[in-house]
Amino acid sequence: EGEKFDLIISNPPYCTTDNIDTFRAEVLEYEPTISLNGGLEGIDFHKLILEKAPLYLNPGGVILMEMAPGQEKLLLNICQRNTHYKNIEVIPDYSGRNRIFKVIYG
């Protein structure tokens, strides 16, 4: 309790609730729905992490979260309303799709 960290890394559920039914059977067979379902916009857990992270991060601490391509605008809007976050960056995967959301606290 009260311990602070320099880094939070998360691979939260980022699929939209409506999109889960479109997954291949082998994905649904091995992945519990709770590990896929990020809510209506796919960012429910991202919002929670961004809301709670200031309680756990040292100034200058970094948050790295995987996201679905296209969710960067939603996450940018959340961070722009929160004065705690700066140096917001979206990092593409090897195929060029935006997949990592990086933000610095402090």
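The model shown is predicted, which means the values in this text are computed figures rather than measured ones.

Draft legend 1. Inspection of the nonpolar core at higher detail. Core analysis: the biggest nonpolar cluster contains 16 residues, and Leu50, Ile63, Leu75, Tyr85, Phe101 and Val103 have the highest contact counts within it. When residues of this core are traced back to their parent elements, those giving at least two are α2 (44-52), β2 (57-66), α3 (72-80) and β4 (98-105). Not counting residues within four places of it along the chain, the set of residues in contact with Phe101 comprises Ile63, Leu64, Met65, Met67, Glu72, Leu75, Leu76, Cys79, Ile88, Glu89 and Val90.

Draft legend 2. Main features of the pattern of salt bridges. If you walk through the whole model with that rule in mind, you get five salt bridges. Here Glu51 and Lys52 are joined by a salt bridge, their closest N and O atoms 3.9 Å apart.

Draft legend 3. View of the environment of Ser10. Take Ser10: it is sitting in strand β1 (residues 5-10). Sequence separation between Ser10 and Ile91 is 81 residues; the distance between their C-alpha atoms is 14 Å. Among residues more than four places away in sequence, those in contact with Ser10 are Ile49, Leu64, Met65 and Glu66.

Draft legend 4. Just α2, in detail. Listed as buried for α2 are His46, Ile49 and Leu50. Projection of α2 onto a plane perpendicular to its axis shows the buried side chains occupying an angular sector of 95°, all on one side. In this fold, the buried residues of α2 make contact with β1, β2, α3, β3 (85-92) and β4.

Draft legend 5. View of the sheet that holds β2. Strand order across the open sheet formed by four strands is β1-β2-β4-β3, with mixed pairing between neighbours. The open sheet has two free edges, formed respectively by β1 and β3, since each of these has just one partner strand. Averaged over all pairs of adjacent strands, the angle between strand axes in this sheet comes to 15°, irrespective of strand direction. The pairing of β3 with β4 spans six bridges and is classified as antiparallel. Within the sheet, the bridge partner assigned to Tyr85 lies in β4 and is Tyr105. The strands that α3 touches are β3 and β4; relative to β4, the one it contacts most, it runs at about 10°.

Draft legend 6. Just the environment of Ile43, in detail. Examined against the element boundaries, Ile43 turns out to sit in the loop between α1 (25-30) and α2. Ile43 gets classed as buried once you look at its relative accessible area, which sits at 1%. C-alpha separation for the pair Ile43 and Glu29, spaced 14 residues apart in sequence, amounts to 23 Å. In contact with Ile43, not counting residues within four places along its chain, are Gly38, Gln71, Leu74, Leu75 and Ile78.

Rules of the game
- Residues numbered from 1 in each chain as written.
- Predicted model: local features only at pLDDT ≥ 70, side-chain atom pairs only at ≥ 80, totals over all residues.
- Heavy atoms only, no water.
- Core = buried A, V, L, I, M, F, W, Y, C linked by side-chain atoms within 4.5 Å.
- Buried < 20%, exposed > 50% of the residue type's maximum accessible area, 1.4 Å probe, protein only.
- Helix = DSSP H or I, 4+ residues; strand = E, 2+ residues; numbered from the N terminus.
- Contact = heavy atoms within 4.5 Å.
- Salt bridge = Lys/Arg side-chain N within 4 Å of Asp/Glu carboxyl O.
- Arc of directions from axis to C-beta.
- Pairing = 2+ DSSP bridges.
- Axes fitted to C-alpha atoms, helices over the stretch in contact; angles between N-to-C directions.

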